[in-house]
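Listed below, chain by chain, are the residues.
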Amino acid sequence: MSDAILAGHAFLAVMRRDLHVYLSYRTRLVSQALTAVFSLTLFYYVSRLVHVRGFGSPGSYFGFVVVGIALVSVMYSCFSIPDLVRQELVAGTFDRLLLSPFGAVRSVMAMTLFPLLYSFVLAALTLGMGCLLFGLRLHWSTVPLSVPVMALALLSFLPFGLLFAALTVVIKQGTVATSWVIALISIVGGLYFPVSLLPHWLQTAAKLQPFTPATDVLRHLLVNSSLGDSPSASLLKLGLFACVLMPAATLVLGGAIRFAQRRGTIIEY
Amino acid sequence: MTPRSLSAVAPSGSTDELFGSAVPLDGYESDTADARPLSLRGVSKRWSKDQSPVLDRLTLTLEPATKTWVGGRNGAGKTTMLRIAAGLIEPDGGDVKIWGVSARHNPTRHRRLVSLLPAGDRGLYARLTVRRQLEFWARIAMVPRERFRRSIEEAIDCFELSELAGRRVDRMSMGQRQRLRIAMTFLPEPEVVLLDEPLTSLDAEGTALLNAAIDRLLARDGAVLWCSPSGEHLDMRFHTRWILERGGLVSA
């Protein structure tokens, strides 16, 4: 059997492992679904209280923000990678992954599979609850197109998680920085409000990362909101981020692991 | 003499880790002329500039079908030596080879030939059952499909884990966990096994199972490097005994 097939099995094994660990905590899905319900409830009533510039009705702002809430779970998954790496370092399982023929870089990449798939499910659940409980109107004819766009968005988000994972391998920290980055992206990514409300210099920052175009296109596909840029320009931007940053982040992660091996700090946590 | 798996597995370098490799064995760098199961040549490691080196041009060769013991006081560098031999950390100088395969130049290939049991009780997923732990490890160790089921069943049988197969690791005793860790170490059928204080928490029965696994490894010309503090295991049978002190090995 070729190495590629064995590596494929190893990728799936990491995902299966994470699924089993997840299922061993029986109330986790319920608690995360409840968190989503609380967020939806909060923003449902906020949308009724506040008249937001650029939105014709409270319902249109609610649709806008529900997609943002769904994307936050995806973003959290991407930025959970450094925390997962840190858990492996503390448990001493990172050593085993590093010493395995599958190797540490591929293992870290495989670790992203379950959280990302799970965030897909959570995002769908959030949108579903928005429809059922709060009367969110999805634009069903373009909803299927959101799946490949979401996949492309993930490929453009993922490198940020891998870069922070590299940081965690070297300095054993990174999770604090990720919470700052998530907060910053929530603002400049237009997850809760349109980026047009931001000062001009922050609007520039909004154009320099993949979260804004991803949010923009997905909103257009899911709730038929208007687009800032043309869809092709936004998709091109996402594609470029994915094509450039994925290989770069993978190389940086591999370099960080080798650096820690040379210094002997790979065993520290 | 070359190990069985050397001809069975395609080599790969560090960049191949991501994309796999289909390079034929001929294209693979291996110094087989003086190949031994394990060869550490002139290995040095210093943790900081103001400290003396923990390993100072250390040289050690393991012969096929042998069990070697290295003792030494706490902090002498035994664990560092094992970590370097396994390829977990890099030495400042010198080289490490398993059957002629360099840990520095061909890490992926090196990792297929060696297995390390780290000291302590770490390296397990607390929420996974014994069977799932073994299955996961077999996949990560890239055990070929034809050997996959058999290697797991053998690990369960050889280390008498059948009653524990469905039990989660965080519900097991320390000795049971150690038995599982040892089972994982031997599962991929490595050529060289590096054991760091393997008797931790192990009862007499567990020790006998470990010795039986070592005997099976030696029967196929493998080698074992066993490290533990001085004074232990003097009643056990080793082919060679060394003491690690001041960064080098002296005969025990």
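None of these values were measured; they are calculated from a predicted model.

Bringing the overall build of chain B into the picture now. Across its full length, chain B holds seven helices and ten strands. In chain B, which comprises 252 residues, the share counted as buried stands at 48%.

All right, on to the pairing of strand β7 (residues 192-196) of chain B then. Residues and elements named next belong to chain B. Counting buried positions along β7 gives five out of five residues, so the element sits mostly inside the fold. Neither face of β7 is exposed, since V192, L194 and D196 on one face and V193 and L195 on the opposite face are all buried. Relative to β7, strand β6 (residues 114-117) runs parallel, the two being bridged by four bridges. Residue pairing across strands places S115 opposite V193, the latter belonging to β7. As defined by bridge partners, β7 adjoins strand β8 (residues 223-227) across five bridges and the pair is classed as parallel. For L194, the partnering residue across the bridge sits in β8 and is L225. The parallel pair β7 and β8 is bridged by helix α7 (residues 204-219), and the resulting crossover is right-handed.

So, about the sheet that holds strand β3 (residues 66-71) of chain B. The strands that make up a sheet pair up through hydrogen bonds in the backbone, lying either parallel or antiparallel. Residues and elements named next belong to chain B. Taken together, the six strands give an open sheet; going across it, the order is β6-β7-β8-β3-β9-β10, and neighbouring strands pair in mixed fashion. Taken across any chain shown, the strands that pair with only one partner, and hence form the sheet edges, are β6 and β10 (248-251). With strand direction ignored, the average angle separating the axes of adjacent strands in the sheet is 20°. Where helix α2 (residues 78-86) meets the sheet, its contacts fall on β3, β6, β7, β8 and β9 (240-245), and the angle it forms with β7 comes to roughly 155°.

All names here are of chain B. Taken together, four strands build an open sheet; the order of strands is β2-β1-β4-β5 and the sheet is antiparallel. Every interior strand has two partners, whereas the edge strands, β2 (55-62) and β5 (101-102), have only one. With four bridges joining them, strand β1 (residues 38-45) and strand β4 (residues 93-98) adopt antiparallel strand pairing. Bridge pairing in β4 links S39 to K97. Each of β1, β2 and β4 is contacted by α2, which is oriented at about 120° to β1, the strand it contacts most.

At the junction of the two partners, chain A supplies 33 residues and chain B supplies 32 residues. Of all the secondary structure elements, the ones that give two or more residues to the side of chain A that touches chain B are α1 (3-24), α5 (93-99), α6 (104-111) and α12 (231-263) of chain A. Per-element accounting of the side of chain A that touches chain B gives the leading share, eleven residues, to α1(A). Of the residues contributing to the side of chain A that touches chain B, the split by class is 16 nonpolar, eleven polar and six charged.

End to end, helix α9 (residues 175-188) of chain A covers 20 Å across 14 residues, agreeing with the expected 20 Å (1.5 Å per residue, within 8%). Directly after α9(A), the chain includes A:G190, whose backbone phi takes a positive value near 70°.

To continue, consider the packing of helix α3 (residues 58-78) of chain A against helix α11 (residues 211-223) of chain A. Residue and element names in this part refer to chain A. Contact pair α3 / α11: the axes reach a minimum separation of 10 Å and the direction vectors enclose 130°. The orientation of α3 with respect to α11, classified from their angle, is oblique. Helix-helix and strand crossings are classified by hand; for α3 and α11 the assignment is right-handed. Where α3 abuts α11, its residues G63, F64, V67, G68, L71 and M75 lie against F211, T215, L218, R219, L222 and V223.

Now for the environment of B:K97. Tracing the sequence through the fold places B:K97 in strand β4. With 36 residues separating them along the chain, B:K97 and B:T61 place their C-alpha atoms 9.5 Å apart.

Moving on to unusual backbone geometry. Residues and elements named next belong to chain B. The phi angle at W99 is positive, at roughly 45°, despite the residue not being glycine. Inspection of the secondary structure assignment puts W99 in the loop between β4 and β5. Phi at D221 takes a positive value of approximately 65°, unusual for a residue other than glycine. Structurally, the position occupied by D221 is in the loop between α7 and β8. Accessibility expressed as a C-beta count within 10 Å gives 16 for D221, which makes it partly exposed.

The next subject is the packing of helix α8 (residues 146-171) of chain A against α12(A). Describing two packed helices takes the angle between their axes plus the distance from one axis to the other. Residue and element names in this part refer to chain A. Close contact between α8 and α12 brings their axes to 7 Å; oriented N to C, the two are set at 20°. Here α8 lies roughly parallel to α12, going by the angle between them. When the axes of α8 and α12 are compared, the crossing they make is left-handed. Taken together, the residues that form the contact of α8 with α12 break down as 25 nonpolar, three polar and no charged.

Residues at a pLDDT of 70 or more form 85% of chain B, whose mean pLDDT is 87. Considering only residues more than four positions removed or in separate chains, one finds that residues 4-29 of chain B, a stretch of pLDDT under 50, has 47 contacts.

Conventions and cut-offs
Residues numbered from 1 in each chain as written. Chains lettered and ligands numbered in written order. Predicted model: local features only at pLDDT ≥ 70, side-chain atom pairs only at ≥ 80, totals over all residues. Helix = DSSP H or I, 4+ residues; strand = E, 2+ residues; numbered from the N terminus. Buried ≥ 20, exposed ≤ 12 C-beta atoms within 10 Å, placed from the backbone. Pairing = 2+ DSSP bridges. Right-handed = clockwise from strand over helix to strand, strands pointing away. Axes fitted to C-alpha atoms, helices over the stretch in contact; angles between N-to-C directions. Contact = placed C-beta atoms within 7 Å. Nonpolar A, V, L, I, M, F, W, Y, C, P; charged D, E, K, R; others polar. Expected span 1.5 Å × (residues − 1). Parallel < 35°, antiparallel > 145°, perpendicular 65-115°, else oblique. Left-handed = near helix turned anticlockwise from the far one by under 90°. pLDDT = per-residue confidence, 0-100.

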